[in-house]
Amino acid sequence: QVRSLLDKRKTREKEELFVVEGPHLVEEAGSSVKYALYSSILPIVKKLEEQGIPCYRLSRASMADLSELEAPQGVLAVVKQKPAALPELSAGSGQLLVFCVEVQDPGNLGTIIRTADAVGASGVILSKGTVDLFNSKVVRGSMGSIFHLPVVRITETAKTIEQLKKKNFRIIAADVKAKMSYFEVDLISPTAILVGNEGAGLPNDILKLADETVKIPMPGRAESLNVAISSAIILYEVLRQRQSARKN
């Protein structure tokens, strides 16, 4: 089951389970753990056993065979998926969302989720065509933030944008061709930041739905920035503007 969950998105979706590896991620998963496998006696294993969660001992060779890490950390767990819904993200005031449209690289998505968590965002939205949230590289890249932050998967991007607008969100799209820089736009009100595919960016029909399109100035010779880096730069500008507004 573990091998199938690691290798096949269809299995993860059918069984509504995924795999985390290493003491930190197993600890972060908490009560969502269904069972754990271990080759070393670790504090987290004892903690899970005390909670009545099944833990099965493997040989180091068997654990190394299952592990996706160069240096296996001695424990992995099968974890229950806990899907979030859009209403959880769009209630209240001062909200901040990151809306990923067809982001393909699992490391990028994991980093975006981790950064969104770091700045206190309300959640992350994933469009159809975005890499699987429960891909093991996404989970590792999030460093546990996948367990702290609501992440919603949607099928209709345009419809979801319209729903957010009705909730008074301003839709800010990151686009390398935009005329306005990201620090020239008001990011204090409820905001959803749209970021696109690593190669193609955001589709034109989605860009047209944005209230503002913004770029990150690049006076150097690089033509573009990694989508996770771009997201982080804009998210920290949101944080800066909001903290400055509170002080004033």
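The preceding data block contains the structure.
Conventions we followed
Residues numbered from 1 in each chain as written. Predicted model: local features only at pLDDT ≥ 70, side-chain atom pairs only at ≥ 80, totals over all residues. Heavy atoms only, no water. Helix = DSSP H or I, 4+ residues; strand = E, 2+ residues; numbered from the N terminus. Buried < 20%, exposed > 50% of the residue type's maximum accessible area, 1.4 Å probe, protein only. Contact = heavy atoms within 4.5 Å. Areas by Shrake-Rupley, 256 points an atom, 1.4 Å probe, with all protein chains shown as cover. Core = buried A, V, L, I, M, F, W, Y, C linked by side-chain atoms within 4.5 Å. Phe/Tyr/Trp six-rings, centres within 6.5 Å; stacked < 30°, edge-to-face > 60°. Pairing = 2+ DSSP bridges. Axes fitted to C-alpha atoms, helices over the stretch in contact; angles between N-to-C directions. Expected span 1.5 Å × (residues − 1). Polar contact = N/O pair within 3.5 Å; in protein donor to acceptor, adjacent residues only side chain to side chain. Salt bridge = Lys/Arg side-chain N within 4 Å of Asp/Glu carboxyl O.

1. A look at the overall build of the protein chain
At step 1: On a plain count of helices and strands, the protein chain comes out with eleven helices and eleven strands.
At step 2: For the protein chain, the C-alpha atoms occupy an extent of roughly 60 × 40 × 35 Å along the three principal directions.
At step 3: In the protein chain, buried positions account for 50% of the 248 residues.
At step 4: In the protein chain, of all internal contacts separated by at least 6 residues, the share reaching a separation of at least 24 is 74%.
At step 5: As displayed, the protein chain has an accessible area near 12,500 Å², and 49% of this comes from carbon and sulfur atoms.

2. What about the nonpolar core?
At step 1: In this structure, C100 and V124 are the most contacted members of the largest nonpolar core, which totals 50 residues.
At step 2: When residues in this core are grouped by element, the largest group, five residues, is from helix α11 (residues 227-247).
At step 3: With residues up to four places along the chain from it excluded, the contact list for C100 reads L109, I112, V124, I125, L126, S127, T130 and V195.
At step 4: Within the second largest apolar cluster, 21 residues are counted, among which are V152, I154, L194 and A210.

3. Observations regarding the packing of aromatic side chains
At step 1: Overall, the coordinates contain four aromatic pairs when judged by the stated rule.
At step 2: Between Y35 and Y56 the ring centres are 6.0 Å apart and the planes differ by 70°, which places this aromatic pair in the edge-to-face class. Of the two residues, Y35 is situated in strand β2 (residues 33-38) and Y56 in strand β3 (residues 55-57); the sequence distance between them amounts to 21 residues.
At step 3: A residue is classified by how much of its surface remains accessible, and Y35, at 13% relative accessible area, is buried.
At step 4: On the basis of relative accessible area, Y56 is assigned to the partly exposed category, the value being 44%.
At step 5: Look at Y182 and F183: their rings are 5.1 Å apart centre to centre, the planes differ by 70°, and that puts the pair in the edge-to-face class.

4. Focus: the sheet that holds strand β8 (residues 170-174)
At step 1: The seven strands lie next to each other as β7-β6-β5-β10-β8-β11-β9, forming an open sheet whose pairing is parallel. Two strands bound the open sheet, and with one partner strand each, they are β7 (151-153) and β9 (180-181).
At step 2: One ladder, built from four bridges, connects strand β5 (residues 96-100) with strand β6 (residues 123-126); its direction is parallel. Of the residues in β6, the one forming a bridge with L97 is G123.
At step 3: Helix α7 (residues 106-118) contacts β5, β6, β7 and β10 (191-195) of the sheet and is inclined by roughly 175° relative to β5.
At step 4: Against the sheet, α11 touches β5, β8, β10 and β11 (212-215), its axis set at about 165° to β10.

5. Notes on α7
Given 3.6 residues per turn, any residue in an α-helix points the same way as the ones three and four places further on.
At step 1: In this model α7 runs 18 Å from its N-terminal to its C-terminal C-alpha over 13 residues, within 8% of the 18 Å that 1.5 Å per residue would give.
At step 2: Contacts from the buried residues of α7 go to β5, β6, α8 (136-142), β7, β10 and α11.
At step 3: A side-chain oxygen of the first residue of α7 lies 2.9 Å from the backbone nitrogen of G107; this N-cap is D105.
At step 4: One or two steps after α7, the chain reaches G120, where phi turns positive at roughly 85°.

6. Thoughts on the environment of P217
At step 1: Tracing the backbone through its elements, the reader meets P217 in the loop between β11 and α11.
At step 2: Residue classification places P217 among the partly exposed positions, given a relative accessible area of 35%.
At step 3: Taking C-alpha positions, P217 is 11 Å from D175, a pair spaced 42 residues apart along the chain.
At step 4: In contact with P217, not counting residues within four places along its chain, are S181, Y182 and F183.

7. Here we look at the pattern of salt bridges
At step 1: According to the stated counting rule, one finds nine salt bridges in the structure shown.
At step 2: In this structure, the salt-bridge partner of E68 is R140, at a minimum N-O distance of 3.5 Å. Pair noted here: E68 is in the loop between α5 (60-66) and β4 (75-80) and R140 is in helix α8, with a separation of 72 residues, a long-range link.
At step 3: Note on E68: relative accessible area 33%, which makes it partly exposed.
At step 4: When its relative accessible area of 24% is taken as the criterion, R140 is described as partly exposed.
At step 5: Here R153 makes a salt bridge to D132, at a shortest N to O gap of 3.8 Å. Of this pair, R153 sits in strand β7 while D132 is found in the loop between β6 and α8, placing the two residues 21 residues apart along the sequence.

8. Quick notes on unusual backbone geometry
Keep in mind that most residues, glycine aside, have a negative phi and that most peptide bonds are trans.
At step 1: Positive phi outside glycine occurs at E102, with the angle close to 60°.
At step 2: The residue E102 is located in the loop between β5 and α7 in this model.
At step 3: If you check the backbone angles, N168 has positive phi at about 70° while not being a glycine.
At step 4: Summarising the element assignment, N168 is placed in the loop between α9 (157-166) and β8.

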